[in-house]
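Commentary on secondary and tertiary structure
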Amino acid sequence: MANLIQIETVLNSVDKLFTLPDLCLRLRELVEDPECSTSEIARLISTDPALTARLLKLVNSPLYYMPGTIASVNQAISLIGTEQLCNLALATSAATIIKSAEGSYLEVKTFWQHCVYTGLIAKYLIYGHSSGGESLFIAGLLHNIGKMAVIAYDPDLAMSAVSGQNKKQSTWRHEKEVFGFTFADVGGVLLEKWRLPAEIVVPILRQHDPCLGYDFIKYSCAIHIAVHVASAIVEESGNEDEHHDYSESVERDSLLILAISQKNIINAVAEVEEIGPEVLQIFSI
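Everything in this summary refers to the structure shown in the same document. (Residues numbered from 1 in each chain as written. Predicted model: local features only at pLDDT ≥ 70, side-chain atom pairs only at ≥ 80, totals over all residues. Heavy atoms only, no water.)

Each helix and strand counted, the chain has 16 helices and zero strands in total. Against the compact-globule benchmark of 19 Å for 285 residues, the chain has a radius of gyration of 18 Å, which places it among compact chains. Of all 285 residues assigned to the chain, the portion counted as buried reaches 52%. The long-range fraction of contacts in the chain, counting pairs at least 24 apart against all pairs at least 6 apart in sequence, stands at 66%. A total accessible area of about 13,000 Å² is found for the chain, and carbon and sulfur atoms account for 49% of it. When the 20 basic and 35 acidic side-chain charges of the chain are each reduced to a single mean position, those positions are 2 Å apart. (Helix = DSSP H or I, 4+ residues; strand = E, 2+ residues; numbered from the N terminus. Rg over C-alpha atoms; globule rule 2.2 N^0.38 Å. Buried < 20%, exposed > 50% of the residue type's maximum accessible area, 1.4 Å probe, protein only. Contact = heavy atoms within 4.5 Å. Areas by Shrake-Rupley, 256 points an atom, 1.4 Å probe, with all protein chains shown as cover. Lys, Arg positive; Asp, Glu negative; His and termini not counted. Charge placed at Lys NZ, Arg CZ, Asp CG, Glu CD.)

This brings us to the nonpolar core. Counting residues in each nonpolar core, the largest one holds 102 residues, and the members touching the most others are Leu142 and Trp194. Residues in contact with tryptophan 194, not counting those within four places in the same chain, are Phe18, Leu20, Arg28, Leu90, Ala94, Ile97 and Ile145. (Core = buried A, V, L, I, M, F, W, Y, C linked by side-chain atoms within 4.5 Å.)

Moving on to the pattern of salt bridges. A full pass over the atoms with the stated rule returns five salt bridges. The partner of glutamate 8 in a salt bridge is lysine 193, and the shortest N-O contact between them spans 3.4 Å. Here glutamate 8 is found in helix H1 (residues 7-13), whereas its partner lysine 193 is found in helix H12 (residues 183-193), with 185 residues between them in sequence. We classify lysine 193 as partly exposed; its relative accessible area is 46%. Aspartate 209 serves as the salt-bridge partner of arginine 206, at 3.0 Å between the closest nitrogen and oxygen. Judged by its relative accessible area of 29%, arginine 206 falls in the partly exposed class. Accessibility expressed as a relative area gives 24% for aspartate 209, which makes it partly exposed. (Salt bridge = Lys/Arg side-chain N within 4 Å of Asp/Glu carboxyl O.)

We now examine unusual backbone geometry. Notably, tyrosine 214 is not glycine yet its phi reads approximately 50 degrees, a positive angle. Even without a glycine there, the phi angle at alanine 259 is positive, about 55 degrees. Its place among the elements puts alanine 259 in the loop between helix H15 (252-258) and helix H16 (262-282).

To continue, consider the packing of helix H7 (residues 108-127) against helix H14 (residues 217-235). Packed helices, taken two at a time, are described by the angle their axes make and the gap between the axes. Where H7 contacts H14, the two axes come as close as 7 Å, and the packing angle between them is 135 degrees. Regarding the angle of H7 to H14, the classification is oblique. The two elements H7 and H14 meet at a crossing, and its hand is right-handed. Together, Thr110, Gln113, His114, Tyr117, Thr118, Ile121, Ala122, Leu125, Ile126 and Tyr127 of H7 and Lys218, Tyr219, Ala222, Ile223, Ile225, Ala226, Val227, Val229, Ala230, Ser231, Ile233 and Val234 of H14 make up the contact between the two elements. Counted by class, the contact of H7 with H14 contains 16 nonpolar, five polar and one charged residues. (Axes fitted to C-alpha atoms, helices over the stretch in contact; angles between N-to-C directions. Parallel < 35°, antiparallel > 145°, perpendicular 65-115°, else oblique. Left-handed = near helix turned anticlockwise from the far one by under 90°. Nonpolar A, V, L, I, M, F, W, Y, C, P; charged D, E, K, R; others polar.)

Attention now goes to helix H9 (residues 145-153). Across the nine residues of H9, seven count as buried, placing the element largely inside the fold. Buried within H9 are the following residues: Ile145, Gly146, Lys147, Met148, Ala149, Val150 and Ile151.

Another point: the side chain of histidine 114. Residue placement: histidine 114 occurs in helix H7. Residue classification places histidine 114 among the buried positions, given a relative accessible area of 12%. Apart from the residues within four sequence positions on either side, histidine 114 is in contact with His143, Val227, Ala230, Ser231 and Val234.

A word on the packing of aromatic side chains. Applying the stated criterion across every chain yields a total of two aromatic pairs. On the basis of an interplanar angle of 20 degrees and a centroid distance of 5.4 Å, the ring pair of phenylalanine 179 and phenylalanine 181 is categorised as stacked. Owing to a relative accessible area of 4%, phenylalanine 181 belongs among the buried residues under this scheme. Between the aromatic rings of phenylalanine 179 and phenylalanine 183, the centroid separation amounts to 5.6 Å while the plane-to-plane angle is 45 degrees, which identifies the pairing as tilted. For the residue pair phenylalanine 179 and phenylalanine 183, the accessibility class agrees, reading buried in each case. Taken together, Phe179, Phe181 and Phe183 form an aromatic cluster joined through their ring pairs. (Phe/Tyr/Trp six-rings, centres within 6.5 Å; stacked < 30°, edge-to-face > 60°.)

Below, the structure is given as structure tokens:
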């Protein structure tokens with residue numbers, strides 16, 4: 001067993017890499033300021049043309065099913081709200097951070113595909129085609145950012161947690177055995193530092209034990225289910241066999257809490273495989 005380390009030790013070590021751009025930090029300050037106007041927020045976002053383009057592409061993607069084209073940041077804010085647009089801006093910045101970690105220890109395209117599909121599946125399981133669920137989508141996007149932080153801190157140690165477990169032992173339990181915490185724990189602490197709302201942070205922290213999500217138990221269950229279903233999609237190249245049990249490795253209580261059936265999951269898989277590539281392309285990963 002490796003010597004146990006502290007989460008703060010990991011995050012302090014990789015602080016420069018996992019620091020949000022100044023614009024995102026300023027955007028969070030504006031969103032939390034009750035006297036700030038939406039036009040101020042729109043102006044700040046518009047100072048970054050690349051970010052503006054990505055946000056408008058996301059809002060106009062199948063992720064939202066908007067009835068018409070959204071042509072401006074002001075219009076996007078009026079439809080999805082300042083908080084959700086701020087979180088989307090942060091998620092696109094996180095994509096850049098993740099992309100920078102590409103190397104021999106991680107195949108980033110596969111990693112990011114799993115993250116995007118996790119967010120889409122979680123959103124679809126609760127909201128279907130209706131509006132809402134942006135926080136779920138973002139929680140899915142960022143559910144494994146703690147793994148990236150540990151890889152940046154000590155790649156060999158991180159990989160030992162990925163590959164060394166007993167076949168009967170869950171990956172997250174092995175992570176805890178190696179580090180004293182899980183990748184999810186690291187992600188939760190990091191995202192709290194980024195001042196993300198609890199409805200995003202808690203489901204990430206509780207993705208392995210979703211029934212402890214308490215006030216956010218439904219979101220925690222949705223992320224838990226989506227993580228496992230997305231793994232099956234990525235690993236099996238989108239097998240849509242109706243007899244494939246996507247819920248095989250899912251905590252049964254999560255399915256009961258959300259009243260999710262195998263048919264619901266198969267429908268979600270079909271939907272996500274249709275829209276996933278377009279949403280994934282927006283992040284240019």
